[in-house]
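Close look at the chain arrangement
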Amino acid sequence: MRADRPYDLVLFGATGFTGGLTAEYLARHAPDRLRWALAGRNPDKLAAVRDRLAAIDPALADLPLLTADVTDPASLRAVAECARVVATTVGPYVHHGEPLVAACAAAGTDYLDITGEPEFVDRMYVRHHAEAVRTGARLVHACGFDSIPHDLGVWYTVKQLPADGPIAVDGYVRAGGRFSAGTYHSALTAFSRTGEMSRAARARRAMEPGPDGRRVRAVPGKVGRVREFGQWAVPLPTIDPQVVRRSAAARPEYGPDFRYRHFAAMRRLPTVLVAGVGLAGVVGLVKVAPTRRWLLGRLASGQGPTAEQRAKSWFRVRFVGTGGGRRVVTEVAGGDPGYDETAKMLAESALCLAFDDLPETAGQVTPVAAMGDALLDRLVRAGITFRTLPA
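Below or above, wherever it landed, is the structure these notes cover.

Cut-off values and rules
Residues numbered from 1 in each chain as written. Predicted model: local features only at pLDDT ≥ 70, side-chain atom pairs only at ≥ 80, totals over all residues. Heavy atoms only, no water. Helix = DSSP H or I, 4+ residues; strand = E, 2+ residues; numbered from the N terminus. Buried < 20%, exposed > 50% of the residue type's maximum accessible area, 1.4 Å probe, protein only. Contact = heavy atoms within 4.5 Å. Areas by Shrake-Rupley, 256 points an atom, 1.4 Å probe, with all protein chains shown as cover. Core = buried A, V, L, I, M, F, W, Y, C linked by side-chain atoms within 4.5 Å. Salt bridge = Lys/Arg side-chain N within 4 Å of Asp/Glu carboxyl O. Pairing = 2+ DSSP bridges.

1. Points about the overall build of the protein chain
Helices and strands together make up the secondary structure of the protein chain, namely 16 helices and 15 strands. Relative to its full complement of 391 residues, the protein chain shows a buried share of 52%. Sequence-distant contacts, at least 24 apart, represent 79% of the contacts inside the protein chain between residues at least 6 apart. Accessible surface for the protein chain amounts to roughly 16900 Å². Of this, 53% is attributable to carbon and sulfur atoms.

2. So, the nonpolar core
The biggest cluster of nonpolar side chains holds 95 residues, and the ones touching the most others in it are Leu-38, Leu-112 and Phe-258. In terms of residue count, helix 14 (residues 340-355) provides more of this core than any other element does, 8 residues in total. Ignoring any residue separated from it by four or fewer positions in sequence, one finds Phe-258 in contact with Val-154, Val-158, Ile-167, Val-169, Arg-215, Val-216, Arg-217, Val-244 and Ala-248. Counting residues in hydrophobic clusters, the runner-up holds 9 residues, among them Val-226, Phe-263, Ala-265 and Leu-389.

3. Details of the pattern of salt bridges
In this structure the tally under the stated criterion is 25 salt bridges. Between Arg-204 and Asp-122 there is a salt bridge, and its shortest N-O distance comes to 3.2 Å. One end of the pair, Arg-204, is in helix 9 (residues 194-207); the other, Asp-122, is in helix 6 (residues 118-135), with 82 residues separating them in the sequence. You'll find Arg-204 and Asp-122 in the same group, each marked buried. Several salt bridges converge on common partners, so that one network encompasses Asp-122, Arg-204, Glu-208 and Arg-246.

4. Overview of the sheet that holds strand 3 (residues 65-67)
Spatially, the 7 strands line up as an open sheet ordered 3-2-1-4-5-6-14, and their pairing is parallel. Each end of this open sheet is capped by a strand with a single partner; those strands are strand 3 and strand 14 (363-364). In the sheet, strand 2 (residues 36-40) pairs with strand 3 via 3 bridges, with the strands oriented parallel. Paired with Leu-38 across the bridge in strand 3 is Leu-65.

This is the structure in structure tokens:
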């Protein structure tokens, strides 16, 4: 790491809703030795965020503010070159994310985001992985609810199974709460770009090496009843299985033959049917420009629920892992997934990269490949539950 740089961490996008929550989490929980700054395009809004942080910790009244904009590459280079780690909440990333990735890859600066956009992640691998390997930068995407609970949850599960034979894991996610405006906009953008998403995935497959002598798969499951949970399982086409598969490719603990399936868990069959029809309708609508603009306008970026509403939100992901004649059931659980816990996950990931003893990695890497047990331990201390259930 570049120890001579003035900042351990720069948070880019702190004037947004989730970015502001991330800044507040750092104000409450970061160690005193953290040298950090806020970055964004509007100095007045950054100053207002700093005032909120100073009300939490008066020592932050002089927290440095850096002006930077995704349309100004020079400003992003300046941010990247003065920091050891840069974390960003500015999305949709497929539209706004690449200039900062490029700046961090060139400067040898660790980069984190909370994207759930497969097209963006694949394009960043194709365009910037090799440069990040050269400079030693770690580019770690999906450090929020997409995909920390799933990536770390599968890691927690496979460590309880023998690694000398095939391992299979199924994940079942349930959540209660509102999506963030950023997640809403990113999802609609992704639904409107299925062709671009497929081309980005093909370009990555053409250049990404596979695991040497091992087989690693993320496969779609089928709709069905999971009797032991009393729920219906519906295949969930998010970025999470891709992240899990890439972690499995990077780590031998997942065994010589690893398979993962990813599901949403729902209690009632009618809910499954309505959700499927609704999703198909949205995917069709967002491909038409006028309806896409209308849908995007329903929830403006920067908006979010109140603290009282967030306090009632929750998530739970259960994993069933089998291998070597053993079966293990685990659970990852926490509070509001779209805002509070995502801010916590991003902040703890940034602190982990800045301060913890981690494996030697570089280039585009997953949370497990970059941080593994160090991040899992941080999340447990921060109040996210990882536990093993009766099998």
